[in-house]
Amino acid sequence: MPEALDAFLTRRTGWTWADVRRAIQCRRVQVQGVVCKRYHRQLGGDETVELDGAHILDGPDHGTLICHKPRGVACSHAPGDQPLIYDLVPPAWRHPNLQTAGRLDRDTTGLIILTIDGRFQISLTAPERALWKRYRIRYSGTLAAGASEQVAAGLVLADEPRPCLPARLTLEAPGVAELEADGGQATLELCEGRHHQVKRMIAALGGRVTDLHRDRIGALTLPDDLASGQMRALSAAQRSLLLA
Ligand code: URA
């Protein structure tokens, strides 16, 4: 079905109507390789649209992306939190309803899913689903003796009456990290997602997280060939790993 140029660009970029119209007015938009200044230009199904030289594809409106989040971007839509993870989304995949499924802190790196499919987002974040997530940690300080056992039993955080759900903490070179005065590395697997949970758990055990990277959600591992800062469409096979 034909669609007006400004409607198409608003839908596919997530920009406001006013910003899209400004871009059209400023000759930043081309249709079929020719600058187009008519907002209401009706697009045929196979006509190409470019914005600032980037081809804007009419991708699916139920798109889901797998992303390797770099350090320094916020999982937020608030302009005051810039730079945002949404700034990394290729124009063809931008959409006003695109949201991260859960959040990683600005200084956390690794696997995160973005989707415009509300039901899929809920299936990844709903507490009842208790999806396991794996975090690789570097920490400073010395963790309490028996740290892994405390985590397996349900760690109590200083400012919360309800203990954490039982989780799995694996210390790199077990026994050694506990003796080192200046920190170590560990892997923590959690099936809940409280605010800053990993950092708070490590703090409760006497350490301080200096580097945090998530490399697995459910049965889906961050692909080796997805470089930091990159994202791409989630494949059907990857989707089933998340729903397994
Ligand atoms: N726990 C944290 O403390 N930070 C994250 O980004 C994710 C889990």
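Cut-off values and rules
- Residues numbered from 1 in each chain as written.
- Predicted model: local features only at pLDDT ≥ 70, side-chain atom pairs only at ≥ 80, totals over all residues.
- Heavy atoms only, no water.
- Axes fitted to C-alpha atoms, helices over the stretch in contact; angles between N-to-C directions.
- Helix = DSSP H or I, 4+ residues; strand = E, 2+ residues; numbered from the N terminus.
- Parallel < 35°, antiparallel > 145°, perpendicular 65-115°, else oblique.
- Left-handed = near helix turned anticlockwise from the far one by under 90°.
- Contact = heavy atoms within 4.5 Å.
- Nonpolar A, V, L, I, M, F, W, Y, C, P; charged D, E, K, R; others polar.
- Domains from an automatic or database assignment.
- Buried area = accessible area lost by both parts, 1.4 Å probe.
- Near = heavy atom within 4 Å.
- Polar contact = N/O pair within 3.5 Å; in protein donor to acceptor, adjacent residues only side chain to side chain.
- Areas by Shrake-Rupley, 256 points an atom, 1.4 Å probe, with all protein chains shown as cover.

**Observations concerning the packing of helix H1 (residues 5-13) against helix H2 (residues 17-25)**
1) Next: For the pair H1 and H2, interaxial distance at closest approach is 9 Å and the crossing angle is 120 degrees. As far as their axial angle goes, H2 and H1 are oblique. The two elements H1 and H2 meet at a crossing, and its hand is right-handed. Residues Leu5, Asp6, Ala7, Leu9, Thr10 and Thr13 of H1 lie in contact with H2, whose contacting residues are Trp17, Val20, Arg21 and Ile24.
2) Next: Of the residues belonging to the contact of H1 with H2, the class tally is six nonpolar, two polar and two charged.

**A look at the domain arrangement of the chain**
1) Next: Assigned domains within the chain: domain 1 (3-55), domain 2 (64-127 + 223-243) and domain 3 (132-217).
2) Next: Measuring from the centre of the C-alpha atoms in domain 1 to the corresponding centre in domain 2 gives 25 Å.
3) Next: Listed per partner, the contact involves eight residues of domain 1 and six residues of domain 2.
4) Next: Interface area for domain 1 against domain 2, summed over the two sides, is near 530 Å², with a carbon-plus-sulfur share of 48%.

**Structural notes on the site of the ligand**
1) Next: For the ligand, the full set of nearby residues is Leu104, Asp105, Thr108, Tyr135, His196, Gln197, Val198, Lys199 and Leu212.
2) Next: Within the backbone of Gln197, an N or O atom sits 3.5 Å from an oxygen atom of the ligand.
3) Next: Between the ligand and Val198 there is a distance of 3.1 Å, counted from a nitrogen atom to a backbone nitrogen or oxygen.
4) Next: In the complex, the protein chains occlude 95% of the 240 Å² of accessible area that the ligand would expose alone.
5) Next: For the shell around the ligand, the element with the highest residue contribution is helix H6 (residues 197-204), accounting for three residues.
6) Next: Of the residues that constitute the shell around the ligand, the class distribution is four nonpolar, three polar and two charged.

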